[in-house]
Amino acid sequence: MSTHGNFARKSKRRHRAKVRQALVANAEFFVRSTGIQHVGFLSITFPVTIPSKKEAERRFRSLASGLLHREFGAWLKVVGRHKTSGGIHYHLLVETFDDIASGFNHDARLPGGGPENANLELRRLRRLLRRSLRAYGFGFQFKLTPVKSALGAALYLGTQLGDVQENPSSRHVRVVSYSKHFPRVHSHRFSWLQGNWRRIVAALAEIFGCPDYDDLKEVLGRRWGYYLSLALDQDPALASLILGHATATQAELEALKRLLLRKLGQPVDPDDDVDLE
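Residues numbered from 1 in each chain as written. Predicted model: local features only at pLDDT ≥ 70, side-chain atom pairs only at ≥ 80, totals over all residues. Heavy atoms only, no water.

Engineer: Got a minute to help me understand the pairing of strand β3 (residues 88-96) in this structure?
Structural biologist: Where a strand is regular, its side chains alternate between the two sheet faces. For β3, a buried count of 9 out of 9 residues is recorded, marking the element as mostly surrounded by other parts of the structure. Here β3 shows a buried face lined by Ile88, Tyr90, Leu92, Val94 and Thr96 and a second buried face lined by His89, His91, Leu93 and Glu95. Bridge count between strand β1 (residues 39-44) and β3: 6 bridges; the pairing is antiparallel. When the bridges of β3 are listed, Val39 appears paired with Glu95. The pairing of strand β2 (residues 72-81) with β3 spans 8 bridges and is antiparallel. Residue pairing for β3: Val79 is matched across the bridge by Tyr90. The turn linking β2 back onto β3 is made up of 6 residues, and Gly86 within it adopts a positive phi angle of 80 degrees. (Buried < 20%, exposed > 50% of the residue type's maximum accessible area, 1.4 Å probe, protein only. Helix = DSSP H or I, 4+ residues; strand = E, 2+ residues; numbered from the N terminus. Pairing = 2+ DSSP bridges.)

Written as C-alpha cells, this is what we have:
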C-alpha cells in the first residue's frame, strides 16, 4: 500500500469529519437562533428510485425556488441514500414563519404515547406539501415534524451525513447545502473566528442585555445570526470590538451598540451616531 494512498485516505477522512462538524454546529445554531417553535424536520422522497444526482438536484432546485421560497424561510439540506436501492432522498431543517411546535406530542409514535396534537399551522403545511410535492417530481411520502431539541436535531443530521458519506455512490455529490439566508457560523474551512463564535454570541448577548437567543431575536431581528456572520466575514475586526466590550467606556459601548444595530440591519437614529475611533 503506497504512502500516497494512505495520505489521500486520511485526508479524505479529515475532510469528511470537518464537514460533519460544520454541519452540526450550523444546525444547532440555526435552531437556537431561529427558535425551536419555528424549525421543522422535513424529509422528502421521490415516487421512484432516482439514482441520478443531476436529475434529483434539478427537481430540488425547482422546489426550492418555488414552494420552499414561498412557504418557508432559511433551510439546510442533507442528501440521503436508500441502503438497498441507492436512490436519493433529502433531509431538511426548515424555518417556518409561524409556530408549528406548540402542543405537539413528540412521544405520539411510542406505545401508549397518545395523540400527536399537531397545531393548525403544522397541519396547514402538511396539507400544502401533500398537494404540492408531486408537481415538483417528488412522492407522496414525506414527513414534517417540529424539532425536539437543537442539539438532537444537529446530531441526527450529522448521523445522516455520516451514512451518506460512506456510500460509494455519493462520490462527487454535494451532500450538504444551505439556502441563501441560512446563518452559517462554520464552514469546513475552520478559522479563528469560527472557533470563537460561541464567545462572540455570548458577548453580543451581554452587550444588549439578552439572557437567551429568543431575546436576541427580539432586539436584533429574526435573521440576526445570518447578518452577524456576514458582518464578521466582511469586517473581522468587529469580533475584537465585540469580545473587548467589557473594557469599553459607556460612550464606547453605546457607539458599539449602534454600530452593531446598523450591521445587523436594524434602524438607528443617525443623530445619535458616535465614532468608535
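Engineer: For this particular structure, what's the right way to read the nonpolar core?
Structural biologist: Here is a general trend for soluble globular proteins: nonpolar side chains tend to be buried in one another's company. Core analysis: the largest hydrophobic core is formed by 29 residues, its most contacted members being Ile44, Phe60 and Tyr90. Considering every element that reaches this core, the biggest residue donor is helix α2 (residues 53-71), with 6 residues. With residues near it in sequence (within four places) discarded, Ile44 still touches Phe60, Leu63, His89, Tyr90, Leu92, Leu133, Phe138, Gln141 and Phe142. Of all hydrophobic cores here, the second largest spans 26 residues; its members include Leu228, Ala231, Leu232 and Leu238. (Core = buried A, V, L, I, M, F, W, Y, C linked by side-chain atoms within 4.5 Å. Contact = heavy atoms within 4.5 Å.)

Engineer: Would you take a moment to explain empty space enclosed by the protein for this structure?
Structural biologist: Under the definition given, this model contains 1 cavity of 30 Å³ or more. Its volume calculated, the largest cavity comes out at about 70 Å³. Forming the walls of the largest cavity are Phe30, Ser33, Thr34, Ala74, Glu95, His181, Pro183, Arg222, Arg223, Trp224, Gly225 and Tyr226. Secondary structure elements with two or more residues in the lining of the largest cavity: α1 (3-34) and α8 (224-234). A breakdown of the residues in the lining of the largest cavity according to their chemical character gives 5 nonpolar, 4 polar and 3 charged. (1 Å grid on protein atoms, 1.4 Å probe; cavity = no way out; pocket = protein on both sides within 12 Å on 5 of 7 lines; lining within 4 Å. Points joined across faces, edges and corners; volume = space filled by probe spheres on them. Nonpolar A, V, L, I, M, F, W, Y, C, P; charged D, E, K, R; others polar.)

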